[in-house]
Amino acid sequence: MKFALPAVLAATYAAPAVAEVLFKEQFNDDAWTTRWTESAKWKPKSEMGAWKHTAGQWFADENDKGIQTSEDARFYGISAKMDGTFTSGDKPLVIQYSVKHEQQLDCGGAYIKLLPGGDDFDAAKFGGETEYAVMFGPDICGSSNKRTHVILHYDKKSDNLLINKEVSTETDDVTHLYTLIVNPDNTFQVLVDNKSVRKGSLDEEFDFLPEKEIKDPDASKPADWVDEAKMADPEDKKPEGWDDMPAEIPDPDAEKPDDWDDEDDGEWEPPMMDNPDYKGEWKPKMIDNPDYKGPWEHPMIPNPEYKYDEDMYKVCSKGCTHVGFELWQVKTGTLFDDIIVTDSVEEAEAFAQETFFKKKDAEKTMYDEHMASQEPEDDGDDDYMGDMGDMGDFDMGGMGDEF
């Protein structure tokens with residue numbers, strides 16, 4: 001199984017290059033806590049959830065563990081320093097990790113962040129306000145908000161840039177693999193389980209650059225421009241007596257009540273009813289307007305502010321040194337594992353084969369067995385009348401006096 005890379009990448013990266021793995025984490029030893037730091041100073045302790053070191057409820061190997069959110073309605077923050085610094089240059093940036101929602105997630109994030117900061121990075125305070133270079137991964141809240149976030153830093157703008165089109169995400173209870181590739185030719189690709197779900201150019205899928213064209217500020221719609229497709233027929237005349245027809249008339253079938261006293265009740269008047277002959281306000285019929293020119297379109301001109309930027313892909317122009325998760329989850333049980341940050345698509349693919357693809361079938365088998373065990377057993381009660389067909393010897397005579 002291969003990554004679905006654009007053909008242009010094969011030509012771009014045909015020359016041999018030394019791949020570098022900046023970070024790799026499988027959480028398969030107790031020493032993982034020495035590599036990761038929880039965000040103890042981000043939120044009050046009562047609002048922070050605990051991370052659980054576990055393989056989860058269904059797995060391929062109980063000793064192959066990850067870290068899992070474990071308390072409902074809590075914030076989660078944790079980060080780790082990478083083994084090397086990734087600085088955007090002539091190689092791609094590849095971020096990959098696995099996510100398993102064991103809780104039928106209804107509202108919560110499961111995205112990873114790539115972070116700058118170097119030696120000044122304050123891991124204890126890492127949280128939602130911390131500067132980041134990339135935010136990538138699934139986010140689910142309700143039935144309509146289900147997406148894979150792709151948010152990138154751009155040096156020339158104060159706000160990070162969210163991808164303009166929706167990127168699909170997985171919502172079931174088994175492990176899925178998320179991969180983001182940002183290429184030096186200003187293209188990107190998102191893969192889920194090694195299948196491409198979104199790819200394109202950065203300038204077309206994100207708002208890195210201003211529009212190539214703008215409306216001509218010196219142009220305006222001519223005063224004599226006719227943009228009404230229809231007009232009143234000048235030959236159509238209102239019929240005589242049209243306005244003399246009242247909208248309501250006295251009900252001809254109404255009769256004065258026998259007990260009506262004109263002296264006490266006043267002069268009797270029949271109730272009013274809609275006039276069946278009333279045709280409403282007269283309007284002339286409409287005909288095609290011979291002077292109609294169609295909708296006026298504002299002429300466009302090249303945007304003087306537009307300039308293509310060869311460096312849009314440089315999300316880590318100042319160097320990225322840490323990875324982290326900062327999340328809010330209403331219902332917890334999301335498990336993260338098999339993280340890699342590298343400058344090599346091939347390294348990421350090889351790691352995927354060693355981890356995700358090696359484990360997924362056995363995990364799915366255990367999951368199916370678990371779900372089958374949760375189904376109620378059929379004890380045959382639904383057919384409880386089936387054995388009562390032969391009632392010939394059943395004496396119901398004695399029941400008559402009971403009712």
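Residues numbered from 1 in each chain as written. Predicted model: local features only at pLDDT ≥ 70, side-chain atom pairs only at ≥ 80, totals over all residues. Heavy atoms only, no water.

A.B. asks: I would appreciate a short explanation of the overall build of the chain in the present structure.
C.D. replies: Each helix and strand in the chain was counted, giving six helices and 22 strands. Burial status across the chain gives 39% buried among its 403 residues. Within the chain, contacts between residues at least 6 apart in sequence are counted, and of these 75% link residues at least 24 apart. Of the roughly 24000 Å² of accessible surface on the chain, a fraction of 47% belongs to carbon and sulfur atoms. (Helix = DSSP H or I, 4+ residues; strand = E, 2+ residues; numbered from the N terminus. Buried < 20%, exposed > 50% of the residue type's maximum accessible area, 1.4 Å probe, protein only. Contact = heavy atoms within 4.5 Å. Areas by Shrake-Rupley, 256 points an atom, 1.4 Å probe, with all protein chains shown as cover.)

A.B. asks: Please explain the packing of aromatic side chains as it appears in this structure.
C.D. replies: Two numbers describe a pair of aromatic rings. These are the distance of the centres and the angle of the planes. Within this structure, the stated rule accounts for 20 aromatic pairs. Seen in terms of ring centroids, Phe 188 and Phe 206 are 5.5 Å apart; in terms of plane orientation they differ by 75°. Their pairing is edge-to-face. Taken together, the residues Phe 188 in strand β13 (residues 187-192) and Phe 206 in the loop between α3 (202-205) and β15 (213-215) connect sequence positions 18 residues apart. We classify Phe 188 as buried; its relative accessible area is 2%. Judged by relative accessible area, which is 1%, Phe 206 ranks as buried. Three or more aromatic residues joined by ring pairs form one cluster here, namely Phe 23, Phe 27, Trp 32, Trp 36, Trp 51, Tyr 76, Tyr 97, Phe 136, Tyr 178, Phe 325 and Phe 336. (Phe/Tyr/Trp six-rings, centres within 6.5 Å; stacked < 30°, edge-to-face > 60°.)

A.B. asks: What is the right way to look at the nonpolar core in this model?
C.D. replies: In globular proteins that are soluble, nonpolar side chains generally tend to be buried together. Counting residues in each nonpolar core, the largest one holds 57 residues, and the members touching the most others are Trp 36, Tyr 97, Leu 114, Val 134 and Phe 325. No other element matches strand β5 (residues 74-86), which puts five residues into this core. Here Val 134 is in contact with Leu 93, Ile 95, Ile 112, Lys 113, Leu 114, Ile 151, Leu 152, Leu 180 and Val 315, once residues within four sequence places are set aside. In terms of nonpolar packing, the next biggest core, distinct from the first, is built from five residues, Ile 181, Leu 191, Val 345 and Ala 348 among them. (Core = buried A, V, L, I, M, F, W, Y, C linked by side-chain atoms within 4.5 Å.)

A.B. asks: Looking at this model, I keep getting lost on the pairing of strand β21 (residues 320-329). Mind explaining?
C.D. replies: On a regular strand, one side chain projects to one face of the sheet and the next to the other, so that they alternate. Of all ten residues in β21, nine are buried; the element is thus mostly enclosed. Judged from the nine bridges that link them, β5 and β21 form a sheet pairing that is antiparallel. Paired with Tyr 76 across the two strands is Leu 327, which belongs to β21. Direction of pairing for strand β8 (residues 112-115) relative to β21: antiparallel, over a ladder of three bridges. The residue bridging Leu 115 from the neighbouring strand is His 322, located in β21. (Pairing = 2+ DSSP bridges.)

A.B. asks: How should I be thinking about a negative patch on the surface in this particular structure?
C.D. replies: A cluster of like negative charges, contributed by Asp 253, Glu 255, Asp 258, Asp 259, Asp 261, Glu 263, Asp 264 and Asp 265, occupies part of the molecular surface. By secondary structure assignment, the location of Asp 259 is in the loop between β17 (248-250) and α4 (262-265). (Patch = residues over 30% accessible without salt bridge, like charges linked within 9 Å, V, L, I, M, F, W, Y side chains within 5 Å. Salt bridge = Lys/Arg side-chain N within 4 Å of Asp/Glu carboxyl O. Lys, Arg positive; Asp, Glu negative; His and termini not counted. Charge placed at Lys NZ, Arg CZ, Asp CG, Glu CD.)

A.B. asks: Looking at this structure, I do not really get the pattern of salt bridges. What am I missing?
C.D. replies: Two side chains of opposite charge can pair, provided their charged atoms sit close to one another. Counted according to the given criterion, the structure contains 20 salt bridges. One salt bridge in this structure joins Asp 288 and Lys 230, with 2.6 Å as the shortest N-O distance. Placement of Asp 288 in strand β19 (residues 286-288) and of Lys 230 in strand β16 (residues 230-232) is noted, with a sequence separation of 58 residues between them. Residue class for Lys 230 comes out partly exposed when judged on its relative accessible area of 46%. Here Lys 238 makes a salt bridge to Asp 243, at a shortest N to O gap of 2.6 Å. For Lys 238, a relative accessible area of 38% translates into the label partly exposed. Salt bridges sharing partners connect three or more residues here, namely Asp 64, Asp 337, Asp 338 and Lys 359.

A.B. asks: Any chance you could explain helix α6 (residues 356-374) here in plain terms?
C.D. replies: Three or four residues apart is the spacing at which side chains of an α-helix point the same way, because the helix has 3.6 residues per turn. With 19 residues, α6 extends 26 Å between its outermost C-alpha atoms, agreeing within 8% with the 27 Å of an ideal straight helix rising 1.5 Å per residue. Buried within α6 we find Phe 356, Phe 357, Lys 359, Glu 363 and Tyr 367. Turning to α6, the residues buried within the fold contact β6 (93-101), β12 (175-182), β22 (334-342) and α5 (345-354). (Expected span 1.5 Å × (residues − 1).)

A.B. asks: I would appreciate a short explanation of unusual backbone geometry in the present structure.
C.D. replies: Glycine aside, the phi torsion of most residues is negative, and most peptide linkages are trans. With a phi angle near 60°, Phe 27 is a residue other than glycine that sits in the positive phi range. One can find Phe 27 in the loop between β1 (21-25) and α2 (32-35). Given the relative accessible area of 0%, Phe 27 is considered buried. Even without a glycine there, the phi angle at Asn 194 is positive, about 75°.

A.B. asks: Even after reading the chapter, I still don't get the side chain of His 322, so can you show me in this structure?
C.D. replies: Summarising the element assignment, His 322 is placed in strand β21. At 2.8 Å, the side chain of His 322 forms a polar contact with the side chain of Thr 321. (Polar contact = N/O pair within 3.5 Å; in protein donor to acceptor, adjacent residues only side chain to side chain.)

A.B. asks: Quick question: what am I supposed to make of the environment of His 53 here?
C.D. replies: As for its position among the elements, His 53 is in strand β3 (residues 51-54). Measuring from C-alpha to C-alpha, the distance between His 53 and Trp 32 comes to 9.2 Å, with 21 residues separating the pair along the chain. A polar contact of 2.6 Å, which involves the side chain of His 53, links it to the backbone oxygen of Phe 27. A distance of 3.4 Å separates a polar atom in the side chain of His 53 from a polar atom in the side chain of Trp 32.

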